[in-house]
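Structural overview for review
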Amino acid sequence: MDRNLALEVIRVTEAAALAAARLMGRGEKDMADQAAVTAMRQAFESIKICGRIVIGEGERDKAPMLYIGEEVGSHDQNDPWVDIAVDPLEGTNLCAYGRPGALAVIAIANQGDLLHAPDIYMQKIAVGPKAKGVINVNRSPTENLQAVADAKGVYVEDLTAVILERDRHKSLIDEVRKAGARVQLISDGDVSAAISTCIEKSGIDILFGIGGAPEGVLAAAALRCVGGDMQVRLVPENAEEEERCLKMGIKDVHKVLHLEDLARGNVMFAATGVTNGDILKGVRFVKGGANTHSIVMRSSSGTIRFINTEHHFDRKPYLSPQESVAKKIV
Ligand code: FBP
């Protein structure tokens, strides 16, 4: 995969983040999401890439843009095709209520290397590099906490587990508390939480719980780049969801999936902060422009780049996607 692409793809997540951040705190999650989707779709047009969306906004009949199977990029048919997973606004509620941790996210891999996950739930455990190889989704949270503590040479009491605050996690939260670990409950955003396990200064050691399967694949791509680990299992809630898994090529729906089952080969991951978070600062609008903070990383080199970008709207005006369409600047 072209290493220069890493800097190109940031323009895609920056565009989505700028559009969503304009609508931060309005309480309108669908509006913010739509703005991010439209901006990301538009930004793809200037990226030299032969891309096919494998994780996006849903199936073609339900999603007008960035739908699964959509081809994106200003491609030259001689370029190799890549698979793309996007979440133009990860944490729609976080953005709508101005809470920390909303991101615009993209992952890119060679064709066939990202799990084609339907939009159903997935049970996840994620850890950073020091605990790589010791987690097991078939074991209890208590056993996993002990394994992580042993790998890190600390007590379970020193560990912090991040968990989505949901009714379905009540017994999980009780068990983690009983085991003695510290708990950080989050209202949304388990992609960012999974990545936090790999960032020493975040203070997060492990992510437990059930969240979206598409978010699981995006998190796995990031963890591949930073040397973290993840184990998951899809949680179809009915026969129709099982059927969707089968249609997407997942034969054993209940199988434990390892990091490489979610994101294989050379993977690239990029994200731009929409609101402030543990890893990235959110968009700040300033006189005549805005500042964005992004991360881009590649699994092949292990390079992690944090990119601060100053956007000058007086030189390159920021237009909402609707304005751009009206002025035919697309
Ligand atoms: P959205 O950005 O689509 O709102 O997803 C936010 C999120 O918190 C994800 O990070 C997480 O995987 C999923 O929702 C959890 O789903 P639910 O809110 O149904 O528990």
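All of the points below concern the structure found in this document. (Residues numbered from 1 in each chain as written. Predicted model: local features only at pLDDT ≥ 70, side-chain atom pairs only at ≥ 80, totals over all residues. Heavy atoms only, no water.)

Within the chain, the secondary structure is distributed over 10 helices and 14 strands. For 330 residues, the compact-globule formula gives about 20 Å, and the C-alpha radius of gyration of the chain, at 19 Å, lands near that figure. Its C-alpha atoms put the chain at 60 × 45 × 35 Å along the principal axes. Classification of the 330 residues of the chain by burial places 55% in the buried group. Across the chain, contacts joining residues at least 24 apart in sequence account for 69% of those joining residues at least 6 apart. (Helix = DSSP H or I, 4+ residues; strand = E, 2+ residues; numbered from the N terminus. Rg over C-alpha atoms; globule rule 2.2 N^0.38 Å. Buried < 20%, exposed > 50% of the residue type's maximum accessible area, 1.4 Å probe, protein only. Contact = heavy atoms within 4.5 Å.)

With 51 residues, the main nonpolar core has Leu115, Ile195, Leu223, Met230, Leu234, Leu262 and Phe269 as its most contacted residues. With 10 residues, the top contributor of residues to this core is helix H7 (residues 213-226). Mapped onto the domain boundaries, this core takes at least three residues apiece from domain 1 (4-112 + 267-329) and domain 2 (121-262). What Leu262 contacts, discounting residues up to four positions off in sequence, is Asp113, Leu114, Leu115, Met122, Gly216, Val217, Ala220, Met230, Val232 and Leu257. Residues Ala6, Ala19, Ala20 and Met65 belong to the second largest nonpolar core, which totals 45 residues. (Core = buried A, V, L, I, M, F, W, Y, C linked by side-chain atoms within 4.5 Å. Domains from an automatic or database assignment.)

Take the site of the ligand next. Around the ligand sit 15 residues, and of these Gly91, Thr92, Tyr121, Arg166 and Asp188 come closest. Gly91 is positioned with one of its backbone polar atoms (N or O) 2.6 Å from an oxygen atom of the ligand. Burial of the ligand by the protein chains amounts to 78% of its free accessible area of 480 Å². Elements with a minimum of two residues in the shell around the ligand: strand E3 (81-90), strand E5 (121-127) and strand E8 (206-212). Among the residues forming the shell around the ligand, the class breakdown is 3 nonpolar, 5 polar and 7 charged. Looking at which domains feed residues into the shell around the ligand, each of domain 1 (4-112 + 267-329) and domain 2 (121-262) gives three or more. (Near = heavy atom within 4 Å. Polar contact = N/O pair within 3.5 Å; in protein donor to acceptor, adjacent residues only side chain to side chain. Areas by Shrake-Rupley, 256 points an atom, 1.4 Å probe, with all protein chains shown as cover. Nonpolar A, V, L, I, M, F, W, Y, C, P; charged D, E, K, R; others polar.)

Turning next to helix H5 (residues 170-179). Residues of H5 that are buried: Leu172, Ile173, Val176 and Ala179. Looking straight down H5, one finds its buried side chains confined to an arc of 130 degrees; they lie on one side. In H5, those exposed residues whose orientation departs by more than 90 degrees from the buried face are Lys170, Ser171 and Lys178. In this fold, the buried residues of H5 make contact with helix H4 (141-152), strand E6 (160-164), strand E7 (182-186) and E8. Looking one or two residues past H5, Gly180 carries a phi angle of roughly 105 degrees, positive in sign. (Arc of directions from axis to C-beta.)

Burial within strand E1 (residues 50-55) is extensive, with 5 of its 6 residues counted as buried. As paired strands, E1 and E3 are joined by 5 bridges and run parallel to one another. Bridge pairing links Ile55 to Ala85 in E3. Two strands pair when backbone bridges link them, and E1 and strand E2 (residues 71-72) are joined in this way by 2 bridges, in the antiparallel orientation. Directly across from Gly51, in E2, lies its bridge partner Val72. (Pairing = 2+ DSSP bridges.)

It is the contact of H4 with H5, at a shortest axis distance of 9 Å, that shows an interaxial angle of 45 degrees. Relative to H5, H4 is oriented oblique. You can see that H4 and H5 cross each other, and the crossing is right-handed. Of the residues in H5, those in contact with Pro141, Thr142 and Leu145 of H4 are Leu172, Glu175, Val176 and Ala179. For the contact of H4 with H5, the residue count by class is 5 nonpolar, 1 polar and 1 charged. (Axes fitted to C-alpha atoms, helices over the stretch in contact; angles between N-to-C directions. Parallel < 35°, antiparallel > 145°, perpendicular 65-115°, else oblique. Left-handed = near helix turned anticlockwise from the far one by under 90°.)

Applying the stated criterion across every chain yields a total of 0 disulfides. The cysteine Cys225 is free of any disulfide, with Cys198 supplying the nearest cysteine sulfur at 10 Å. (Disulfide = S-S within 2.5 Å.)

Before going further, it helps to spend a moment on the packing of helix H1 (residues 5-21) against helix H2 (residues 29-44). For the pair H1 and H2, the least separation of the axes is 7 Å and the interaxial angle reads 150 degrees. When the axes of H1 and H2 are compared, the pair comes out roughly antiparallel. In the packing of H1 onto H2, the handedness of the crossing is right-handed. Taken together, the residues of H2 that come into contact with H1 (itself represented by Arg11, Val12, Thr13, Ala15, Ala16, Ala19 and Ala20) are Ala32, Ala35, Ala36, Ala39, Met40, Ala43 and Phe44.

These figures come from the coordinates and say nothing about function on their own.
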